[in-house]
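Commentary on secondary and tertiary structure
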Amino acid sequence: MSILVNKKSKILVQGFTGSEGTFHATQMIEYETNVVGGVTPGKGGTTHLDKPVFNTVADCVKSTGADVSIIFVPPAFAADAIMEAADAGIKLVVCITEGIPVQDMVKVKSYLSDTNTRLVGPNCPGVITAGECKVGIMPGFVFIPGRVGIVSKSGTLTYEAADQVAKAGLGISTAVGIGGDPIIGTTTKEAVELFMNDPATDAIVMIGEIGGGMEAEAARWIKETGNKKPVVGFIAGQTAPPGRRMGHAGAIVGGAEDTAAAKMKIMSECGIHVVNSPADIGKKMAEVLKK
């Protein structure tokens, strides 16, 4: 058991033959992820990394039965790639691309609302179920199988948290990098909800950052539903000046609840174990699970 992906997932790669797609698909295959093929328009009928290449997602799904797509398509074409995957009936789309115009994502969000497709990202490291399936760009060796789920807006802090959880003698069920753009497919709360309902996850690491209201929404939901599993939380950007964008497109303090201090306060009030430094995530998780 896990959330979103497991060893039975059949993965297709959009932007398969490009440099990013090639590099990361190779790593995914080395992790023994079941990559069944890829899509690059105009290259259908060829093979790449010993896997078939198709012109369209629909062709790939028909031939291979793929049910998960990962997207390495340049920003100008990525929104179309997401909608094409949804149109072909793909259940989970993971979009790695950074820099997709917000206007394009408004259309994608609206389009997906009428489908059964879940989007993770864009501008994210992807999803990994430790020891089973890696659909993303994260370093696979950091993720030791276990029973702690991670949901994070930050890519690098996802790997940092996984490493610390492992060093604390625990491991990861699934880690979800939800992405740092203002409009993303799966919110913090939605990812937390999946973990709360997952019998293979005992506790959750929730990593947020300044900007937007996703962490507060998730924290209030956790409290309202009775704090069923322990959650350790961290918010990046504690020293960020208001009104300045920090790295991610969505990381900007707009209102009073957008600051790191405000988010940490709300999370603490909702029963989340908040740490002030990412260096304490593993230690705190071990402590919480011993109680």
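Predicted model, so just to flag it, every value in this text is computed and none were measured.

Strand 13 (residues 231–236) sits mainly inside the fold: six of its six residues count as buried. The alternating pattern of strand 13 places Val231, Gly233 and Ile235 on one face and Val232, Phe234 and Ala236 on the opposite face, and all of these are buried. Inspection of the sheet shows strand 12 (residues 203–209) paired to strand 13 by six bridges, in the parallel sense. Looking across to strand 13, one finds that glycine 208 is bridged to isoleucine 235. Read as a crossover between parallel neighbours, the route from strand 12 over helix 7 (residues 214–224) to strand 13 is right-handed. Inspection of the sheet shows strand 13 paired to strand 14 (residues 273–274) by two bridges, in the parallel sense. Note on strand 14: the bridge partner recorded for glycine 233 is valine 274. In this fold, strand 13 hands off to helix 8 (residues 260–269), which returns the chain to strand 14; that crossover is right-handed.

Moving on, we get to unusual backbone geometry. Residues apart from glycine generally show negative phi values, whereas peptide bonds are mostly found in trans. Cis geometry is found at the peptide bond from glycine 121 to proline 122, where omega equals 10 degrees. Along the polypeptide, proline 122 turns up in the loop between strand 7 (118–120) and strand 8 (126–129). At leucine 4, a position not held by glycine, the phi torsion is positive, near 70 degrees. Within the secondary structure, leucine 4 sits in the segment before strand 1 (11–14). The backbone phi angle of leucine 49 is positive, close to 55 degrees, even though this residue is not glycine.

Right, let's talk about the pairing of strand 9 (residues 133–136) for a bit. Relative to strand 9, strand 8 runs antiparallel, the two being bridged by four bridges. Across the sheet, residue valine 127 finds its bridge partner in strand 9, namely valine 135. The turn linking strand 8 back onto strand 9 is made up of three residues, and glycine 131 within it adopts a positive phi angle of 80 degrees.

Let us look at the sheet that holds strand 2 (residues 35–39). A sheet is described by the order of its strands in space; here seven strands give the open sequence 3-4-2-1-5-6-7, paired in mixed fashion. Where the open sheet ends on each side, the last strands, each with one partner, are strand 3 (47–48) and strand 7. Both strand 3 and strand 4 (residues 51–54) contribute to a ladder of two bridges, which runs antiparallel. Looking at the pairing, histidine 48 lines up with lysine 51 of strand 4.

The rules behind the values
- Residues numbered from 1 in each chain as written.
- Predicted model: local features only at pLDDT ≥ 70, side-chain atom pairs only at ≥ 80, totals over all residues.
- Heavy atoms only, no water.
- Buried < 20%, exposed > 50% of the residue type's maximum accessible area, 1.4 Å probe, protein only.
- Helix = DSSP H or I, 4+ residues; strand = E, 2+ residues; numbered from the N terminus.
- Pairing = 2+ DSSP bridges.
- Right-handed = clockwise from strand over helix to strand, strands pointing away.

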